[in-house]
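Summary of the model geometry
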Amino acid sequence: MHFLESRTLRLMFGCSLAALSLHGQAWAGEASAADTSADSAAGAAAADTLTSDIIVNGKIDRTALDMERNAIGTVDILTTGDIATSSNTGIADIARALPGISTSYDQGANQTAVGEAQFVTVRGFDTSFNAYTLDGLRLPQVAGDSRAISLNLFSPFAIGNISADKTPGADKDSDSIAGAIDLHTPTAFDFTNNFGRVRALGQLAALAADSHQPSLGGAIGIDTARKFGAGDQFGIYLAGYYEKRSNAAQSIAAQSGYVTTRQNVGSTRDNYDALSAQGLQWNAFTNKVERYGATGSLDYHGEGIKTYLRMNYARYRNTNTMNQTGLRSELTSNADGTSQPNPNVAAGGNGNYNADGVFVGTGVNPAGYFRTEDTDQKLFSTQLGGEFELGGGFVASLEGAYAYGAYNQPNRIEAAWRGVGYGASGVTVDLSNPRAPQAVMSPEATAYVSSLDTPGQYYVQKGWNFDSEKKRTIRGNLHWDGETGVFRSFEIGGLYENSHREGRELAPDNTRYVFSRPFDPRDVAGLPVSQLPGQTLTDFIGTYPARPIRVVSRGAIEDQVAQYVDSVGGTASQVSQETLDQGVTDSKERRAAVYANARFQFGNLEALPGLRYEANRFAADYFEGASTAGGSGAFVSSSRKYDRLDPSLLVAWRPSDSLVLRGSVRSSYARPGFNDLAGPATYSFNDTTDALEYITKPNPNLKPTSAWNFDLGLEYYGGVGQYLQVALYYKKLRNIIVPTAGQNLVGSTGSTVTTFMPQNGLGGSAKGVEISGRYTYDGSAVSFLNGFGVGGSITVQKTRATYALAEDDVRTTSLPQAPDLIYNAGLFYTGGRFRANANYHHTGRILATVQSSDPDIYIQPMGSLDLGAAYELSDAVEIGVSARNVLNQHAYWTTVGKSKKYISNDRNGGYLKTGSVYQVSATVKF
């Protein structure tokens, strides 16, 4: 039997993990209840063991909690690296354990199907509202069209902790409305002792195993820390890691957009309760992920001087393949312009509507589609700097840094199967089960579409795109500390960044090779999918469709590309230099900043006022393409400048060692993403008619979003593993950037053209409450409960965005990308050499895209239950087991409108599952 193929076995395995969670150790960072103090003798002795110092280090995590308590602003810190009790090997998924952190994906590159998150954001706001750094350094853009850093580059084998500063002061970047997220790489001085360590894990993706697709994976990480010199003033830390894994995903989506169920009643937006789908499509994804990298640091801590050298290299590759089966509600058009007879017209109806004016799909066109979305991302960064004591309480710091990032999609291969549809009757879509809608057809139509012997292949084509950015940074500050009095310290500093970004793109449509079909004779006949090597799936999420799902061999399609596209004389060789130039974007950005802040102490009250000035300059050259198939365009230039003066005031009152009351008010902003401002517009045309269907274009006139942020927090710190944090926040926003999709009817054809373009809204707001805490029972009253604990966080917010799609169309909705609810809940146990946990993460509904005449696109709530347990065989060896998404919940679910009634088309995601993941691990310290 295929390992864990049986759902019963998987359930038993999950229950076993749950049972272990009642006899294991706790979350990363929980100290044993026997430790009454971070400085106790027991704690000091434990610092030499495997789990206390290297993997989960109760001392380090207590230090992180102390850093949160001692900070003047609201900061959350999460230590990473505990592979034994976590099945997440991506940093983005690990970061969800922080209060108010949610994740997102680059849906355009099928990243939702990879089985791990890509981006993180504070309190669910758009990624452009966050500042992302690695050891304080702003990194170059390495994915998508936002300024977010694709965290799938990074591994817990190389990242020591993740911090989310939700109220950054003047010394942090001002373009951080939501907050600043920093990834910290370890140094030798982060650890108590010298050590070497090897961590290894193996994974099984259950959905892939069920589908008889590649399902195994594994990773290994090696790191070491050494301090040396006469007084251990030198420290070196080195780490390297390699991961390779496979997974599968399945999704179902509507074909194209929705139409009104009744004819001539207005837009779909105005008839939300009576819409009809124009067909369905089912998608099977396979992914092979490879992630590897290295990090190193060399530090010197001498008298009056600290210097450091940091170097990081990270690479992420994903070989992503999608196979699609579709049933389209359409009639076949012939080369001479004629089409199949319309049964609705014959019965007295019109177009897709019958004589009663009710939508009845005309014809059933079985279709197939194949696409690859391979990605290759890499990042290199190096930082050289130091701190120098100048005497009299003055300390100066200076750092120079260079970073290079690249995002490459070398193989954007597409193939399609289209043929003669069944014209005697149509297809309607039964939406009674929104997760698994069904196509309803006549018996004759069902028999027709169930055969994979038709249709033949329509085309094969290949494109690519490449983006890279080089970023040079110099920053420094002068800091003064006083020991007494009200005026305790001040700091002045600044930075200068210079970025150069290059982009190149070739749309696959430019290299299309068309095969012969019955109504379009060509040189080479297109083969049906049944005659190509591959595998026909035997089951699928929801109800298995009438047309079987064929997973075509990727190698067979790549052979076609080699023969018809890449070969001498192939379609790629016929692409003109002018067409290649049309995909080029060249942009430059400079950012300069200066700031000053001062710290005042009034008894138990600490205040930090500050002022920051940032000047941004952006310029780009790019090609603006044609809006008709075969048309031309021209190169254009655009430039923008943003000058900002942002004040801030942070205060903290500590009436006792256990209580902290915080407050802050600050001004901030968010820069538009590179691709939001500049880049070639892309045009998508109908496969058969060449009619324009979709336009995606930048908006060079975008203004930055600006905000005033108000925060208030109360924190209580009890014994070991006991704390409660409550935060209230309010944000007043102007010029919010809204992802919009405008639909316009083309009068002569009756077709609809959808234009995707970001726009500035009029304003918005966000108000919320965030509560987090943890309680570890000390066993004082009930001894057998010693070591049990609970923890979690909840963020509840209400957001508003007002924007104008037209002079007479002003709307108010929630903020795009901001969920109304985020929570984590966990149960853990710590005892002896065992530790375990059960964690659940939930993200509420999200507004994804604002549409003009169609209902808006929403992402429905998502959740995941994860289990983990570990046993320490000795002070040097630990083994662990874990499972992710044991309830097999969906990974992504987009709908047309707020409710779950109408599943979206695949361009927006549809309903997608990636299944559960099971993991075993081992860690050895030497």
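Residues numbered from 1 in each chain as written. Predicted model: local features only at pLDDT ≥ 70, side-chain atom pairs only at ≥ 80, totals over all residues. Heavy atoms only, no water.

1. What to know about the overall build of the protein chain
The line we're drawing: Secondary structure elements are taken from DSSP: a helix is a run of H or I of four residues or more, a strand is a run of E of two residues or more, and numbering for both begins at the N terminus. Classification of residues uses two cut-offs on accessible area relative to the type maximum, computed with a 1.4 Å probe and protein chains only: under 20% is buried, over 50% is exposed, and between them is partly exposed. Throughout, a contact is declared for two residues whenever any of their heavy atoms are within 4.5 Å. Areas reported here follow the Shrake-Rupley algorithm with a probe of radius 1.4 Å; residue values treat only the protein chains shown as occluding.
The secondary structure content of the protein chain amounts to 11 helices and 46 strands. The burial tally for the protein chain puts 58% of its 926 residues in the buried class. For the protein chain, the proportion of contacts with a sequence separation of at least 24, taken over those separated by at least 6, is 73%. Within the structure as shown, the protein chain displays about 35400 Å² of accessible surface, and the carbon and sulfur contribution to it stands at 56%.

2. Details of the pattern of salt bridges
Our working rule: Salt bridge, as used here: a side-chain nitrogen of Lys or Arg that lies within 4 Å of a carboxyl oxygen of Asp or Glu.
Counting across every chain of the model gives 49 salt bridges. Here Glu-330 makes a salt bridge to Arg-328, at a shortest N to O gap of 3.9 Å. Its relative accessible area of 23% is what places Glu-330 among the partly exposed residues. Classification of Arg-328 by relative accessible area gives buried; the value is 16%. With a closest N to O distance of 2.9 Å, Arg-554 and Glu-558 form a salt bridge. Remark: Glu-558 and Arg-554 occur in helix H9 (residues 554-565); sequence separation between them is four residues, near one turn of the helix. Glu-558 sits in the partly exposed class, given a relative accessible area of 34%.

3. Structural notes on the side chain of Lys-731
To be explicit about the condition: For the purposes of these results, a polar contact is taken to be a pair of N or O atoms within 3.5 Å, where, inside protein, one atom must be able to donate a hydrogen and its partner to accept one; residues adjacent in sequence count only when each atom of the pair is a side-chain atom.
You can see Lys-731 is positioned in strand E32 (residues 723-734). At 2.7 Å, the side chain of Lys-731 forms a polar contact with the backbone oxygen of Ile-177. For Lys-731, the contacting residues outside a window of four places in its chain are Phe-125, Ile-177, Ala-178, Arg-666, Trp-708, Asn-709, Gly-764, Ser-765 and Ala-766.

4. Some remarks on a positive patch on the surface
Applied cut-off: By definition, no residue in a patch forms a salt bridge, and every one has over 30% relative accessible area; like charges are joined within 9 Å, nonpolar side chains (Val, Leu, Ile, Met, Phe, Trp, Tyr) within 5 Å. Think of it this way: Lys and Arg go in the positive column, Asp and Glu in the negative one, and His and the chain ends go nowhere. By convention, the point assigned to a charge is CZ for Arg, NZ for Lys, CD for Glu and CG for Asp.
On the surface, Lys-767, Lys-798, Arg-800, Arg-845 and Lys-898 cluster together into a patch of positive charge. As for its placement among the helices and strands, Lys-767 is situated in strand E35 (residues 763-776).

5. Some details on the sheet that holds strand E6 (residues 161-165)
Defined as follows: By this definition, two strands are paired if DSSP reports at least two bridges between them.
Spatially, five strands are ordered E1-E6-E7-E4-E5 in an open sheet, and the strand pairing comes out mixed. Two strands close off the open sheet at either side, each with one partner strand: strand E1 (75-79) and strand E5 (137-138). For strand E4 (residues 130-134) and E5, the ladder comprises two bridges, and the chain directions are antiparallel. Bridging across to E5, Thr-133 finds its partner in Arg-138.

6. A short note on the pairing of strand E14 (residues 305-328)
Moving residue by residue along a regular strand, the side chains alternate between the two faces of the sheet. Examined bridge by bridge, strand E13 (residues 279-302) and E14 share 24 bridges and lie antiparallel to one another. Each residue of the ladder has a partner; that of Ala-294, found in E14, is Tyr-313. Taking the residues that link successive antiparallel strands as the turn, the E13-E14 hairpin has two residues, and the phi of Gly-304 there is positive, at about 80°. Sheet analysis places E14 next to strand E16 (residues 375-391), joined by 14 bridges and oriented antiparallel. Of the residues in E16, the one forming a bridge with Ala-314 is Leu-379. In the sheet, E14 pairs with strand E15 (residues 365-372) via eight bridges, with the strands oriented antiparallel. Looking across to E15, one finds that Gln-324 is bridged to Tyr-369.

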